[in-house]
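Spelled out, the chains give:
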Amino acid sequence: MPIRIPRGWEIPESRVTPEALVLGRRRGLALGAGLLAAPATALAQGAPPALPPAMRNTRYAPGRDITDEREATSFNNFYEFGSHKTISRAAQRLPQRPWTVKVEGMVESPREFGIEDLLRFMPLEERVYRLRCVEAWSMVVPWTGFPLSALLDAVRPLGSARYVVFETAAIPAVMPGLRQSWYPWPYIEGCTIEEAANELSFMVVGAYGKPLPPQNGGPIRFHQPWKYGFKAGKSIVRITLTDRRPVSFWERVQPQEYGFWANVNPEVPHPRWSQASERVLGTNARVPTQIFNGYGEFVAALYTGLRNERLWA
Ligand code: MTE
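Presented here is an overview of the structure given in this document. Computed from a predicted model, the values in this text were never measured in an experiment.

Digging into the overall build of the protein chain
For step 1, the next point in the chain: A tally of regular secondary structure across the protein chain gives eight helices and 12 strands.
For step 2, the next point in the chain: Considering only contacts in the protein chain between residues 6 or more positions apart, those separated by 24 or more positions represent 74%.

Pasting the structure below:
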């Protein structure tokens, strides 16, 4: 699938990181007018409209080819639809509209955001990020989204907030996987407030220039590319700021195999397999896995001094 790569000069200043402050001010005006609190209206049930245009941010060059769109959108982990990879058809039953995300807990201004308002008022950009699954496969996807920090700015976290918790949709009528009652639904994930504030932490609303398909977590998911993919909650409905470290879905299922931090590290094997290399989705290639999935320059400083933590699983 042909991917148009914009030149560096095609990125308008409004899309590069420092200018997010300018957008933040505009956002503030919108918030003042109560627009962000308004429900998503006048939308057909189910299908999302086209994604607003978003320029690519070239600061995060992936150093690898973009994964074929069909591969990335047909080989998925989304246990709510089944514990296998071919859930993409079943996931089409997840209604994408109306959709709201509550942001609450230890914040000054808890709010419920309609997805249309997030698309309209958040500083959208495209980032080509790698995704490394803990199962030792990987892909490279042009995601459209906005920094998590832009969303948190809008609700003003309290100084006491230490963690950000993501809760994803659990709709029994359309998600057959929820009948697997031994799993601790809903799918929960989380990170520290410092990790949330990192420039790489990205709320994703699109892929390949289109609305994010339901099988990849549409209409809105999270992604921190230096962590194993299970940290990236799909189809998010609630974000809670708290002073308690959450126990996430996989940590509750298998604490000896999946932890809170889950930073990518080729030298720390999973208890049942090596993490030294990864299969590149859509190819037969196996490539060496990189520490922090290659994003150490952006994130390594977050972990200095955390000596007693199990940072890698
Ligand atoms: N989010 C929810 N709600 N349910 C899931 O089962 N699987 C995770 C993560 N987010 C999962 C989820 C795992 S294990 C991975 S590797 C990624 O989603 C896969 O994202 P992808 O299907 O877009 O490749």
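Things to note about the side chain of Ser88
For step 1, the next point in the chain: Relative to the assigned elements, Ser88 resides in helix H3 (residues 88-91).
For step 2, the next point in the chain: In this structure Ser88 touches Thr73, Ser74, Asn76 and Gln215, once residues within four positions along its chain are discounted.

Describing the site of the ligand
For step 1, the next point in the chain: Around the ligand sit 17 residues, and of these Tyr79, Glu80, Arg221, Ala232 and Lys234 come closest.
For step 2, the next point in the chain: One nitrogen or oxygen atom from the side chain of Asn76 is found 3.0 Å from an oxygen atom belonging to the ligand.
For step 3, the next point in the chain: Take Ala232: an N or O atom from its main chain is 2.7 Å from a nitrogen atom of the ligand.
For step 4, the next point in the chain: Taking a 2 Å distance to the grid points as the criterion, the majority of the atoms of the ligand fall inside the largest pocket.
For step 5, the next point in the chain: Of the residues that constitute the shell around the ligand, the class distribution is eight nonpolar, six polar and three charged.

A short note on the sheet that holds strand E5 (residues 163-168)
For step 1, the next point in the chain: Spatial ordering of the open sheet is given by E2-E1-E10-E5-E6, a layout of five strands whose pairing is mixed. At either end of the open sheet lies a strand with only one pairing partner, and these are strand E2 (111-114) and strand E6 (188-192). If you compare each strand with its neighbour and ignore which way they point, the axes differ by 15° on average.
For step 2, the next point in the chain: Here four bridges tie strand E1 (residues 100-105) to strand E10 (residues 236-242), and the two strands are oriented parallel to one another. Bridging across to E10, Val103 finds its partner in Ile239.
For step 3, the next point in the chain: Of the strands in this sheet, E1, E2, E5 and E10 are in contact with helix H5 (residues 148-155), which crosses E2 at around 135°.

Examining the environment of Ala169
For step 1, the next point in the chain: Mapped onto the elements of the fold, Ala169 is located in the loop between E5 and E6.
For step 2, the next point in the chain: If we skip the residues at most four places from it in the chain, Ala169 touches Glu80, Trp99, Met175, Lys234, Ser235 and Val237.

With respect to the environment of Ala173
For step 1, the next point in the chain: Counting through the fold element by element, Ala173 comes out in the loop between E5 and E6.
For step 2, the next point in the chain: For Ala173, a relative accessible area of 60% gives the class exposed.
For step 3, the next point in the chain: In this structure, the C-alpha to C-alpha distance between Ala173 and Leu94, residues 79 residues apart in sequence, is 9.3 Å.

Re the layout of surface pockets
For step 1, the next point in the chain: Counted as a void, the largest pocket has a volume near 380 Å³.
For step 2, the next point in the chain: Contributing to the lining of the largest pocket are 23 residues, with Asn77, Phe78, Tyr187, Gly229 and Phe230 lying nearest its centre.
For step 3, the next point in the chain: For the lining of the largest pocket, the class distribution of residues is 13 nonpolar, six polar and four charged.

Brief notes about the pattern of salt bridges
Two side chains carrying opposite charge are able to pair once their charged atoms lie near each other.
For step 1, the next point in the chain: This structure, assessed with the given rule, holds 17 salt bridges.
For step 2, the next point in the chain: A salt bridge links Arg56 to Glu126, with the nearest nitrogen and oxygen atoms 2.7 Å apart. With Arg56 in the loop between helix H1 (20-32) and helix H2 (69-72) and Glu126 in strand E3 (residues 125-132), the pair connects residues that are 70 residues apart, well separated along the chain.
For step 3, the next point in the chain: The exposure class of Glu126 is buried, given its relative accessible area of 9%.
For step 4, the next point in the chain: For Arg162, the salt bridge identified is with Glu194, shortest N-O distance 2.7 Å. Highlighted residues: Arg162 in the loop between H5 and E5 and Glu194 in helix H6 (residues 193-197), separated in sequence by 32 residues.

How each quantity is defined
Residues numbered from 1 in each chain as written. Predicted model: local features only at pLDDT ≥ 70, side-chain atom pairs only at ≥ 80, totals over all residues. Heavy atoms only, no water. Helix = DSSP H or I, 4+ residues; strand = E, 2+ residues; numbered from the N terminus. Contact = heavy atoms within 4.5 Å. Near = heavy atom within 4 Å. Polar contact = N/O pair within 3.5 Å; in protein donor to acceptor, adjacent residues only side chain to side chain. 1 Å grid on protein atoms, 1.4 Å probe; cavity = no way out; pocket = protein on both sides within 12 Å on 5 of 7 lines; lining within 4 Å. Sits in = over half its atoms within 2 Å of the grid points. Nonpolar A, V, L, I, M, F, W, Y, C, P; charged D, E, K, R; others polar. Pairing = 2+ DSSP bridges. Axes fitted to C-alpha atoms, helices over the stretch in contact; angles between N-to-C directions. Buried < 20%, exposed > 50% of the residue type's maximum accessible area, 1.4 Å probe, protein only. Points joined across faces, edges and corners; volume = space filled by probe spheres on them. Salt bridge = Lys/Arg side-chain N within 4 Å of Asp/Glu carboxyl O.

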